Amino acid sequence: MALRLITDKAINFAAKYYQKAVAMELTKTGLRYEDLLNEQENDVAEALSMADKDVITARTRRTKRATDLHLKQKNFNDYAPGVDQETFKVEIYDDLLKIRARNQEHALLNAHQK
């Protein structure tokens, strides 16, 4: 019990540190955390297909801007200082979790057929 408590505290500390480091790198490029999701995965592709057009357009623009800034070796903060990027804003992740839960339930229900 005590070992688990210590382990959880250590993991939470490391997670917060890692989250800050990831946020700093995403801020440099102008991306959001959800932009890092691989759209070639079936679950992510389905979640994106259900998302609003504005969400997909904004995701595409952020990705293109980040690619352009990387090629120019520039920083997003040089062009738009003080902009709140909402790095960890959730737009498609809730749908993604529902899709994964549905797929997992479907696999469990059909496990007897293997």
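Notes on the structure follow. (Residues numbered from 1 in each chain as written. Predicted model: local features only at pLDDT ≥ 70, side-chain atom pairs only at ≥ 80, totals over all residues. Heavy atoms only, no water.)

## Some details on helix α3 (residues 53-72)
Turning to step 1, where the next piece is worked out: Here α3 spans 29 Å end to end across 20 residues, near enough to the 28 Å set by a 1.5 Å rise per residue.
Turning to step 2, where the next piece is worked out: Among the residues of α3, Val55, Arg59, Arg62, Ala66 and Leu69 are the ones counted as buried. The arc that holds the buried residues of α3, viewed along the axis, is 100°, so those residues lie on one side. Pointing more than 90 degrees away from the buried face of α3 are the exposed residues Lys53, Arg61, Lys64 and Leu71.
Turning to step 3, where the next piece is worked out: The secondary structure elements touched by the buried residues of α3 are α1 (2-29), α2 (42-50) and α4 (76-79). (Helix = DSSP H or I, 4+ residues; strand = E, 2+ residues; numbered from the N terminus. Expected span 1.5 Å × (residues − 1). Buried < 20%, exposed > 50% of the residue type's maximum accessible area, 1.4 Å probe, protein only. Arc of directions from axis to C-beta. Contact = heavy atoms within 4.5 Å.)

## Considerations on empty space enclosed by the protein
Turning to step 1, where the next piece is worked out: Evaluated as defined, the whole model comprises one cavity of 30 Å³ or more.
Turning to step 2, where the next piece is worked out: The computed volume of the largest cavity comes to approximately 40 Å³.
Turning to step 3, where the next piece is worked out: The biggest single contributor to the lining of the largest cavity is α3, with three residues.
Turning to step 4, where the next piece is worked out: Considering only residue class, the lining of the largest cavity consists of three nonpolar, no polar and five charged. (1 Å grid on protein atoms, 1.4 Å probe; cavity = no way out; pocket = protein on both sides within 12 Å on 5 of 7 lines; lining within 4 Å. Points joined across faces, edges and corners; volume = space filled by probe spheres on them. Nonpolar A, V, L, I, M, F, W, Y, C, P; charged D, E, K, R; others polar.)

## Concerning the environment of Ala23
Turning to step 1, where the next piece is worked out: As for its placement among the helices and strands, Ala23 is situated in helix α1.
Turning to step 2, where the next piece is worked out: For Ala23, a relative accessible area of 17% corresponds to the buried category.
Turning to step 3, where the next piece is worked out: Apart from residues lying up to four places away in sequence, Ala23 is in contact with Thr87 and Phe88.

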